[in-house]
Amino acid sequence: MEHVKTLILGGGPAGFTAAIYAARANLSPLVYEGIQPGGQLTTTTIVENFPGWPDGVDANTLMDNMRNQARNFGADIRQGVATAVELGRRPFRITIDAEKEIEADTLIIATGAQARYLGLPSEEKFKGAGVSACATCDGFFYRKRTVAVVGGGDTACEEALYLSSLAKKVYMIVRRDVFRASKVMQNKVLAKENIEVLWNCNTQEVLGDENGVTGARLLRKDGTTLDIAIDGFFLAIGHTPASALFAPWLKLDEAGYIVTGAKSSETSIPGVFAAGDVQDPRYRQAVTAAASGCMAARDAEKFLLENVN
Ligand code: NDP
């Protein structure tokens with residue numbers, strides 16, 4: 001069985017930064033990139049708030065650079081998804097793609113988070129045919145058309161603003177009579193002429209035909225329904241951390257985020273560290289994910305020095 005000092009699960013900013021630091025510390029890290037190589041950032045276009053890029057940087061370029069940087073220092077980066085873990089013994093045992101087993105003295109979990117959906121059968125039916133959780137990925141297809149964004153947080157506002165520059169009209173479907181988003185984002189949305197906010201509305205059904213989405217049926221708080229004609233239905237109602245595999249072993253919070261120590265990446269099992277969005281319900285930024293990846297690699301290095309020959 002292959003044995004490594006440090007196994008990193010996840011190929012986003014957290015995973016690659018952990019890999020850069022671990023490789024430079026001679027830990028010869030092995031990285032499995034997971035379902036979405038490059039992580040969630042690759043579902044966006046230009047990243048304008050990553051320090052060091054005054055004119056912004058294409059998200060895929062940024063992730064390719066991080067991957068190459070880790071590789072240049074000796075990280076072994078592979079494609080594959082962890083399908084089983086056994087963390088009750090050391091070295092830890094991790095199964096990749098249900099077939100390859102790896103033993104690891106330390107494990108860094110940087111598996112990120114995934115967009116949430118409403119869970120409607122009609123939404124599932126039209127996924128990829130008008131239903132999307134990424135405006136920056138799919139917005140292009142809705143030039144001069146009408147779309148709806150579900151949610152009232154910063155992400156929903158950001159997506160609605162992005163779509164408003166492409167689409168003819170953007171509805172925002174907000175379940176309360178207030179936004180959750182920051183004031184600055186709210187103001188930007190409310191100032192846009194082609195964004196209409198539908199307050200106190202929940203989606204009952206996504207409507208469509210053989211060509212895809214044609215509308216949505218909304219249920220107002222007062223019990224009445226409202227049908228809107230749309231071509232695209234975008235979800236922006238938050239994220240779910242990719243932590244299910246670790247639930248039998250690690251302490252998670254009520255929303256499923258891996259609990260880490262204050263100012264450290266330590267989980268409830270010594271030798272297992274978590275970094276990035278899988279343990280961060282609050283900041284969820286590429287730069288904070290990268291920083292926590294650095295912390296995880298440093299923590300793993302210290303753990304190995306103190307606990308493994
Ligand atoms: P949030 O949890 O902040 O917002 C989720 C939104 O979706 C809320 O309006 C919530 O409504 C709504 N919602 C949740 N579930 C449902 C449902 N089943 N049906 C209808 N509506 C639903 O998530 P975000 O992804 O927007 O943001 C996450 C974090 O990332 C936040 O801290 C945010 O500030 C940050 N962020 C910052 C950005 C920036 O600064 N530029 C950009 C993007 C995100 P309700 O309010 O009623 O709960």
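Cut-offs applied
Sequence order sets the numbering: in each chain, residues are counted from 1 along the sequence as written. Given that this is a predicted model, residues contribute local features only at a pLDDT of at least 70 and side-chain atom pairs are listed and counted only at 80 or more, while totals for whole chains, interfaces and linings are drawn from all residues. Side-chain numbers here rest on the full set of heavy atoms in the structure, without hydrogens or water. Two rings belonging to Phe, Tyr or Trp (six-membered ring only in the last case) form a pair when the distance between their centres is within 6.5 Å. Interplanar angles under 30 degrees mark stacking, angles over 60 mark edge-to-face geometry, and anything in between is tilted. Counting from the N terminus, the helices are the DSSP runs of H or I reaching at least four residues and the strands are the DSSP runs of E reaching at least two. Per-residue accessibility, obtained with a 1.4 Å probe over protein chains only, is compared with the maximum for each type, and a residue is labelled buried under 20%, exposed over 50%, and partly exposed between these values. Throughout this description, the term charge over a ring refers to an Arg CZ or Lys NZ atom that lies within 6 Å of the ring centre and within 35 degrees of the ring normal. Here, any two strands with at least 2 DSSP bridges between them count as paired. Throughout, an axis means a line fitted to C-alpha atoms (over the contacting stretch in the case of helices), and angles, computed between N-to-C directions, take values from 0 to 180 degrees. For each residue, the test is whether any non-hydrogen atom lies within 4 Å of the molecule or strand; if one does, the residue is near. Polar contact criterion, stated in full: a pair of N or O atoms within 3.5 Å, where within protein one must be able to donate a hydrogen and the other to accept it, and residues adjacent in sequence count only if both atoms are side-chain atoms. Amino acid classes used here: Ala, Val, Leu, Ile, Met, Phe, Trp, Tyr, Cys and Pro are nonpolar; Asp, Glu, Lys and Arg are charged; the rest, including Gly, are polar. A crossover counts as right-handed when, viewed with the strands pointing away from the observer, the path leading from the first strand over the helix to the second turns clockwise. Domains are outlined according to an automatic or database domain assignment.

Q: Is there a simple way to explain the packing of aromatic side chains in this structure?
A: Given two aromatic rings, one states the distance between the centres and the angle between the planes to describe the pair. The full count for this structure, using the stated rule, is four aromatic pairs. When the centroid spacing of 6.3 Å and the interplanar angle of 80 degrees are considered together, the rings of Phe140 and Phe141 count as edge-to-face. With a centroid separation of 4.9 Å and 65 degrees between ring planes, the pair formed by Phe179 and Trp199 is classed as edge-to-face. Linking Phe179 in the loop between β12 (169-173) and α6 (183-191) with Trp199 in the loop between β13 (195-198) and β14 (201-209), this pair joins segments that are 20 residues apart in sequence. The exposure class of Phe179 is buried, given its relative accessible area of 7%. The class of Trp199 is partly exposed, set by a relative accessible area of 32%. Cation over ring: Arg24 sits above Phe73, and NZ or CZ is 4.7 Å from the ring centre. Seen from the ring of Tyr117, Lys127 lies directly overhead, with NZ or CZ sitting 4.0 Å from the centre.

Q: Teacher, can you tell me more about the sheet that holds strand β15 (residues 212-220) here?
A: Within a sheet, neighbouring strands are paired by backbone hydrogen bonds and run either parallel or antiparallel to one another. As summarised here, the arrangement of the three strands in space is β14-β15-β16, forming an open sheet in which the pairing is antiparallel. The open sheet has two free edges, formed respectively by β14 and β16 (225-229), since each of these has just one partner strand. Looking at each pair of strands side by side, their axes are set apart by 25 degrees on average, direction ignored.

Q: Is there a simple way to explain the pairing of β14 in this structure?
A: Regular strands show a simple pattern: their side chains alternate between the two faces of the sheet. Pairing of β14 with β15, which is carried by eight bridges, proceeds in the antiparallel orientation. Counted as the bridge partner of Asp209 is Gly212 from β15. Hairpin geometry of β14 and β15 is characterised by an intervening segment of two residues between the two adjacent antiparallel strands.

Q: Mind showing me how you'd approach the site of the ligand here?
A: Around the ligand, 16 residues are found, and the nearest of them are Gly152, Asp154, Thr155, Arg176 and Arg180. At a separation of 2.7 Å, an oxygen atom of the ligand approaches a polar side-chain atom of Arg176. A distance of 2.7 Å separates an oxygen atom of the ligand from a polar side-chain atom of Arg180. If one sorts the elements of the shell around the ligand by residue count, helix α5 (residues 154-164) sits on top with three residues. Considered class by class, the residues forming the shell around the ligand number three nonpolar, six polar and seven charged.

Q: What should I look at first to understand the pairing of strand β11 (residues 146-150) in this one?
A: Most of β11 sits inside the fold, with five of its five residues counted as buried. Burial of β11 is two-sided: the residues Thr146, Ala148 and Val150 facing one way and the residues Val147 and Val149 facing the other way are all buried. Regarding topology, α5 serves as the crossover connection from β11 to the parallel β12, and that connection is right-handed. Pairing of β11 with strand β17 (residues 232-235), which is carried by four bridges, proceeds in the parallel orientation. Its bridge partner lying in β17, Ala148 is registered against Phe233.

Q: For this particular structure, what's the right way to read the domain arrangement of the protein chain?
A: Much of the literature gives interface size as the accessible area that the parts lose upon coming together. When its domains are assigned, the protein chain resolves into domain 1 (2-114 + 239-307) and domain 2 (117-235). Measuring from the centre of the C-alpha atoms in domain 1 to the corresponding centre in domain 2 gives 32 Å.

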